[in-house]
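Inside the fold
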Amino acid sequence: MSTAIVVGGGIGGLSAAIGLKRAGWQVTVLERSEESRPAGAGLTLAPNAVRALDWLGVGARLRSRGMSQGAAGLRAASGRWLLRVDLGELHSRFGASGYLLHRADVHALLTDSLHLDDVHAGHQVTRVDPKTATVTCQPATGGSRTMAADLVIAADGLHSPLRTQLFPQHPGPAYAGYLTWRGVVPADARAAIGLGDTVTESWGRGQRFGIVPLLDGRVYWFATLSAPPGSHTTEGIEGVARRFRQWHDPIPRLLAATPPEALLRHDIYSLETPLPSYVSGRVVLLGDAAHALTPDLGQGACQALEDAATLGGLAAQHGDVESVVDAYDRARRERTQRLVRASAQHGRIAQWSHPVAAAIRNSLVRLTSPSRYLRTVSETLSWSPDPAWPAPESR
């Protein structure tokens, strides 16, 4: 039986472990945190991610917990509609709907598909040997531990220490030029506001605000601001509310209903300088460690799930590790690096602050028909598992 060590217990790492286990491998996940507390708030899983989860055997659980998208749109800060799309067409066009969940719920879906003894919390990996697929880690209990496998999967996130070790000449993540605040409004407050189920993003000048209703009645929102990295670190929910007090309803009311302790703030980075390979010896990079995207296309977690399904499918298809890692690099690098560039470009345009540029941008969006918009995202959302991969049900 082939063996693998997955470094990182986030969405990418857990889904990679599931894919390899379904391919018949023995898998160990090493997570540096002692307790699983997934960061973040809401998460959109597009049809390509849903098909990846179907192949991983988690699709049925997703459908029982997630909220299928019904409608979405872009608005100006005044509330004027720029674009409205009936996302019910996603299923007819792409064979699957999109789903809205809290990130913690997605993490739970994946954790429930693994045995608890597959995941070792409190293990900080400090080094990997790509020739021997050996990792050195420091357990929270103290000391040092060395583990070896046939393959190591580096799913250790945006600021991946293993990526830095394997590709020391790479400059690492680049700041996207804006920061984001995120929050979740409780279900009882949403009921008082009377918010519907439409997902919206509103564009201003150097600022944006997104609203994502969740199935359990809560509302996830995000707000962006073009600013230097590391700025506005002490700004609380009252300061964010002041920045958006003149924006359209229900934005001010959502911010007023957000508990101060629910506010999250992050600088946005992406891996705009592409890696020369996602493979080094018997180590593969996956998810943000390989191709961190800005959130502008909503594809960060989706691409990690594609990575995981691809790795699992290739592991089931090929009998040796060298064939698996070579095929994985060919299958994933061009697509994901293209999406990194596209997402960064989308974010730059959406964050335009010059009044003339912002007005032209909004006018061009208003001229975009819903059908044309869906055609522009077709290549991204139409991804499917390779029919050549052995079906999980048959193994």
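Only a predicted model underlies this, so the values are computations on that prediction, with no experimental measurement involved. (Residues numbered from 1 in each chain as written. Predicted model: local features only at pLDDT ≥ 70, side-chain atom pairs only at ≥ 80, totals over all residues. Heavy atoms only, no water.)

Topic: the pairing of strand S2 (residues 26–31)
Counted only if it meets this: To sort residues, take the accessible area from a 1.4 Å probe on protein chains only and compare it with the maximum for the residue type: under 20% means buried, over 50% means exposed, and anything in between is partly exposed. Every helix listed is a DSSP run of H or I at least four residues long, and every strand listed is a run of E at least two residues long, numbered separately from the N terminus. For two strands to be treated as a pair, DSSP must find at least two bridges joining them. A clockwise path from the first strand over the helix to the second, with the strands pointing away from the viewer, defines a right-handed crossover.
Burial analysis of S2 places five of its six residues in the buried class, which makes it a mostly covered element. Summarising the sheet, strand S1 (residues 3–7) and S2 pair through five bridges and their orientation is parallel. Within S2, the residue paired with valine 6 across the bridge is valine 29. For the segment spanning S1, helix H1 (residues 11–22) and S2, crossover handedness is right-handed. Where S2 meets strand S8 (residues 119–121), three bridges bridge the pair, whose relative direction is parallel. When the bridges of S8 are listed, glutamate 31 appears paired with alanine 121.

Some points on the packing of H1 against helix H11 (residues 300–317)
Basically, it comes down to this: Axis angles are defined between N-to-C directions and span 0 to 180 degrees, where every axis is a line fitted to C-alpha atoms and, for a helix, only to the segment in contact. Working definition: roughly parallel below 35 degrees, roughly antiparallel above 145 degrees, roughly perpendicular at 65 to 115 degrees, and oblique for all remaining angles. Left-handed is the label given to a crossing in which the near helix is rotated counterclockwise from the far helix by less than a right angle, and right-handed is the label when the rotation is clockwise. Residue contacts follow a heavy-atom distance rule, with two residues in contact if any of their heavy atoms lie within 4.5 Å. Amino acids are sorted into nonpolar (Ala, Val, Leu, Ile, Met, Phe, Trp, Tyr, Cys and Pro), charged (Asp, Glu, Lys and Arg) and polar (every other residue, Gly among them).
Close contact between H1 and H11 brings their axes to 8 Å; oriented N to C, the two are set at 20 degrees. Viewed along their axes, H1 and H11 adopt a mutual orientation that is roughly parallel. As H1 packs across H11, the resulting crossing turns out to be right-handed. Residue-level inspection shows Ile11, Gly12, Ser15, Ala16, Gly19 and Leu20 of H1 in contact with H11, the latter providing Ala301, Ala304, Leu305, Ala308, Leu311, Gly312 and Ala315. Counted by class, the contact of H1 with H11 contains nine nonpolar, four polar and no charged residues.

Structural notes on the sheet that holds strand S14 (residues 199–203)
Taken in spatial order, the seven strands line up as S6-S5-S14-S15-S16-S13-S17 in an open sheet, and their pairing is mixed. The open sheet has two edge strands, strand S6 (81–86) and strand S17 (264–270), and neither has a second partner. Neighbouring strand axes in the sheet, compared pairwise and without regard to direction, differ in orientation by 15 degrees on average. Alignment of strand S13 (residues 174–185) against S17, held across six bridges, turns out to be antiparallel. Across the sheet, leucine 179 pairs through a bridge with aspartate 267, a residue of S17. In this fold helix H13 (residues 355–366) packs onto strand S5 (71–76), S6 and S14, with an angle of close to 35 degrees to the strand it touches most, S6.

Quick look at the packing of aromatic side chains
Note the threshold: Stacked, edge-to-face and tilted are the three classes for Phe, Tyr and Trp ring pairs, Trp counted by its six-membered ring, which pair at centre distances within 6.5 Å; planes under 30 degrees apart are stacked, over 60 edge-to-face, the rest tilted. Whether a charge sits over a ring comes down to the Lys NZ or Arg CZ being within 6 Å of the ring centre and within 35 degrees of the ring normal.
Going through the model one piece at a time under the given rule, you end up with seven aromatic pairs. An angle of 55 degrees between the planes, with centres 5.4 Å apart, marks the rings of tyrosine 175 and tyrosine 269 as tilted. Of the two residues, tyrosine 175 is situated in strand S13 and tyrosine 269 in strand S17; the sequence distance between them amounts to 94 residues. According to the relative accessible area criterion, tyrosine 269 is partly exposed, its value standing at 24%. Taken together, Phe209, Trp221, Phe244 and Trp247 form an aromatic cluster joined through their ring pairs. Lying across the ring of tyrosine 178, arginine 208 places its NZ or CZ 5.1 Å from the centre.

Brief notes about H13
Spelled out, the test is: A helix is expected to span 1.5 Å multiplied by its residue count minus one. This arc corresponds to the set of directions leading from the helix axis out to the C-beta atoms.
Taking 1.5 Å per residue, 12 residues should reach 16 Å; H13 reaches 17 Å between its end C-alpha atoms and fits that length. The complete set of buried residues in H13 reads Ala358, Arg361, Asn362 and Val365. Along the axis of H13, the buried positions cluster into a sector of 95 degrees, meaning they face one direction only.

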